[in-house]
Each structure stands twice: as structure tokens, then as C-alpha cells.
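# Descriptive analysis of the structure
Residues per chain are reported as follows:
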Amino acid sequence: MVKDTKPLAYAANGHQKDFDPSAPPPFKIAEIRAAIPKHCWVKNPWRSLSYVLRDVLVITALMAAAIHFNNWFFWLLYWPIQGTMFWALFVLGHDCGHGSFSNRPMLNNLVGHILHSSILVPYHGWRISHRTHHQNHGHVEKDESWVPLTEKIYKNLDNMTRLVRFTVPFPLFAYPYYLWGRSPGKEGSHFNPNSNLFSPNEKTEVAISTVCWVIMFSLLIYLSFITSPLLLLKLYGIPYWIFVMWLDFVTYLHHHGHHQKLPWYRGKEWSYLRGGLTTVDRDYGWINNIHHDIGTHVIHHLFPQIPHYHLVEATQAAKPVLREYYREPERSAPLPFHLIKYLVESMRRDHFVSDTGDIVYYQTDPHLHRD
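The following refers to the structure shown. (Residues numbered from 1 in each chain as written. Predicted model: local features only at pLDDT ≥ 70, side-chain atom pairs only at ≥ 80, totals over all residues. Heavy atoms only, no water.)

Taking 1.5 Å of rise per residue, the 27 residues of helix α3 (residues 72-98) would be expected to cover 39 Å, and the 39 Å separating its terminal C-alpha atoms lies within 8% of that figure. Among the 27 residues that make up α3, 20 are buried, leaving the element largely enclosed by the rest of the structure. (Helix = DSSP H or I, 4+ residues; strand = E, 2+ residues; numbered from the N terminus. Expected span 1.5 Å × (residues − 1). Buried < 20%, exposed > 50% of the residue type's maximum accessible area, 1.4 Å probe, protein only.)

Here it is as C-alpha cells:
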């Protein structure tokens, strides 16, 4: 028997209230746009490049220090810090993919390729699928990132796949596998220009990014031979997997794990605005500045053209329009350990959605996690 987890009604401050998050909002996206100051839309390429310089200098200094000290005490500090910096690089490349880095596509693509290739992400392949995610956010079938499984797809998974997919920490290592094979129920690869992820006129871009990925991967193999595989594992390999964990952790919690059940849509009930309003802002404490305020996610999803350094101000300006549809994030301690409980809770309860219906909520398989 399956438990259907009905939506609970809470206000933004967490108190129960008669509010249905699936109700069509009484405002239009143009009203939100009008509330955001004009300067928040301005992209400053020099400012964007300054963040790249900052992150690259920090990463380089950390690597130099690790090679110099080369003791286990320093390595234990180095891995989580450097992995977090790799994640920061990803976010800047993410801005390039959205065009919020600058108004110059050539600059965006050049910087995006350098940043993403350095952390083994195929820039254009990811950029195009991420665009699909934004254009279809909150849509059961058409969304691309952490899309919910339908009941039929869920029941067709073998027991081990179900357990791994919904048991922490295994989902935090999903990203490289997603790049190669996407999610259950979807076909294609971010590396294959002929994948159904891409249109015919995008094949060349995808091929270029795949070549850049191969060059970076080959460089890592070469460096492992001229130095040592163990040194490269410590300098790059372990931070890479910390970065992957950050990416999966953050992207999952921007669309799952809120204490109020949020809807997913199909058909005529879906709209760009309603789908975007199901995203969730998160506070990451000290990490907010390090990973370029990616936790300020609702306004980013509705208006991905806004540079990351204006997202906080734009969100504050939009709140009076959004009202109950904006869910104030729980304040974080210096490090966001409080978010782990929301990840674990969501993995234990948010397993699939109904095969039918234009407004659906996650349901729970009570047999998956037996206490």
C-alpha cells in the first residue's frame, strides 16, 4: 500500500495557514519583473571576471599549499575546502551558460568552457539541458533536473536501484552518471551530439564541449603518470567528488525537501510562473558568498538573466509581489548542516508521483525504508 503525502498548508514563517501553493498566483510574471530595480539586470563582465580570478587564485593557492605541507592534517582540511571551490567554479560557469555572466556570447562560452572543462563538465551539453530545466521547471515529464519518477517508472525499478536512489549519501554521487545517461525514464547523453537532448543545430557545440572534456580528462591521466596517481587523487580526485556532492545536494534541495509539500504540474495546469514558484531558496551561511548566492534560487529560476551578484537585492524587491508564494529560507549557522535533515527526510518520503493528474504531489513507498 502506498501513502499519499498530502500538502500541508504553512505560511512562509512556518505557521499553519489556509494557503494552497498549487493555486494559480494572483499576480503575473510581469509584475515581479517590474518590482526588480533596473540596475539588477545589468551585467558587468569585469565584475564577473573578478569572481573568476578570485576563485582561481584561491584554488591555485590551496593546491600549492597542499603540495608544500603534504601531511594528512592539511589534506583533511584541503579536500572539503577545495571541493567547495570547484563547486564555486561550476556556479560561475553556470552563469556563463545562462548568459548572466556578460552580454557577449563569445566571452560567456569561452569562460564557460574553461571553467566547466576544468571540473569535467561538458559545457554546452550541460548548458542546453539546463536551459530545458529552466524552461520546464516544475513539469513532471518535461523538467530535466531531479525530475520526479512517475509511479509506473518507480515500480519498474529493481529494489536495489530504488534503495540506492533514495538512500543518503548515494544520490549525492549521481551527477557524473546523470551526465552520461540522464535519469530513469529518459534517454540520451550530455556527451553525444546525436542525443535527443539536442537539436540538429546544436550538435557542433556539443561536440566541441565533449572534445574539451576529453582533453581535460587526458591531461589528468597524463599528470597522474608524470607525478603519481596518488598525488593526483589527493589534489584533484577527492575534491572533484566533494564538488559533485555539493552540486547534487544544492540542486536537489532547491526543488525538494521543503516542510510544505509543493506541487508538480502537467498539461494545462503548468505554466512557467507556476513551475518557477515551486523552487525553494536556501541559506548556506558562510557558503553563500563562496558559491555566489546560488541559494537565492526562486528569482534566479524565474529570471536567469540576472547576475548572481544582484540576486539577493532582486529577491528582496520581489517579495512584496510574491507574498505567500515565496518561502523564506531557514537561517543557517556558519555551515549549513541544518539542511542535511531536509535531504534525509525528503529521500525517505518523496519517491514518486501519480501517473495521472495535472497537479500532483510526491507519494511515499512505505516499504522502501523500514525502520
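What follows is about the side chain of T278. Within the element layout of this structure, T278 appears in the loop between α11 (272-276) and α12 (287-290). On the basis of relative accessible area, T278 is assigned to the buried category, the value being 9%. One polar contact links the side chain of T278 to the main-chain carbonyl oxygen of G275, over a distance of 2.6 Å. Ignoring any residue separated from it by four or fewer positions in sequence, one finds T278 in contact with G138, L262, P263, Y265 and R327. (Polar contact = N/O pair within 3.5 Å; in protein donor to acceptor, adjacent residues only side chain to side chain. Contact = heavy atoms within 4.5 Å.)

The omega torsion of the bond from V168 to P169 falls at 15°, within 30 degrees of zero and hence cis. Positionally, P169 belongs in the loop between α7 (159-165) and α8 (175-181). We note that L120 has phi near 60°; this positive angle belongs to a residue other than glycine. With respect to the secondary-structure elements, L120 resides in the loop between α4 (105-118) and α5 (123-135). Using a relative accessible area of 10% as the deciding quantity, one classes L120 as buried. Its identity is not glycine, yet R323 carries a phi of approximately 50°, on the positive side. Position of R323 relative to the elements: it lies in the loop between α14 (311-322) and α15 (339-349).

Here we come to the side chain of T296. Mapping T296 onto the fold places it in the loop between α12 and α13 (297-302). According to the relative accessible area criterion, T296 is buried, its value standing at 12%. In contact with T296, other than residues within four places in its own chain, are D281, L311, V312 and T315.

Our next topic: the packing of aromatic side chains. Overall, the coordinates contain 28 aromatic pairs when judged by the stated rule. The ring of W72 has K234 sitting right over it, with the charged end atom 5.3 Å from the ring centre. (Phe/Tyr/Trp six-rings, centres within 6.5 Å; stacked < 30°, edge-to-face > 60°. Lys NZ or Arg CZ within 6 Å of the ring centre and 35° of its normal.)

Across the interface, helix α2 (residues 45-69) lies against α3 with an axial gap of 10 Å and an inter-helix angle of 160°. As the angle between them shows, α2 and α3 are arranged roughly antiparallel. Relative to α3, the crossing made by α2 is left-handed. Between α2 and α3, the contacting residues are Y51, V52, D55, V56, V58, I59, L62, M63, A65, A66 and F69 on the first element and F74, W75, Y78, I81, Q82, M85, F86, A88, L89 and L92 on the second. Taken together, the residues that form the contact of α2 with α3 break down as 19 nonpolar, 1 polar and 1 charged. (Axes fitted to C-alpha atoms, helices over the stretch in contact; angles between N-to-C directions. Parallel < 35°, antiparallel > 145°, perpendicular 65-115°, else oblique. Left-handed = near helix turned anticlockwise from the far one by under 90°. Nonpolar A, V, L, I, M, F, W, Y, C, P; charged D, E, K, R; others polar.)

As for its placement among the helices and strands, H297 is situated in helix α13. A relative accessible area of 7% means that H297 is categorised as buried. With 15 residues separating them in the primary sequence, H297 and V312 have C-alpha atoms 9.5 Å apart. Among residues more than four places away in sequence, those in contact with H297 are H254, H255, T279, V280 and D281. A polar side-chain atom of H297 sits 3.2 Å from a polar atom in the side chain of H254.

This part covers the nonpolar core. In this structure, Y78, W87, F90, Y175, Y236, F243 and F249 are the most contacted members of the largest nonpolar core, which totals 62 residues. The greatest single-element share of this core, amounting to 13 residues, is contributed by α3. Excluding residues that lie within four positions of it along the chain, F243 makes contacts with G83, F86, W87, F90, I119 and V121. With 19 residues, the next largest nonpolar core counts F19, C40, V298 and A318 among its residues. (Core = buried A, V, L, I, M, F, W, Y, C linked by side-chain atoms within 4.5 Å.)

Attention now goes to the pattern of salt bridges. Side-chain pairs of opposite charge can arise whenever the charged atoms involved come near each other. In this structure the tally under the stated criterion is 12 salt bridges. Between R182 and E144 there is a salt bridge, with its nearest N and O atoms 2.7 Å apart. You can see R182 sitting in the loop between α8 and α9 (203-226) and its partner E144 sitting in the loop between α5 and α6 (151-156), a full 38 residues away along the chain. When its relative accessible area of 2% is taken as the criterion, E144 is described as buried. As a salt-bridge pair, D283 and R331 come within 3.7 Å of each other at their nearest N and O atoms. Of the two residues, D283 sits in the loop between α11 and α12 while R331 sits in the loop between α14 and α15, which places them 48 residues apart along the sequence. A relative accessible area of 70% places R331 in the exposed class. (Salt bridge = Lys/Arg side-chain N within 4 Å of Asp/Glu carboxyl O.)

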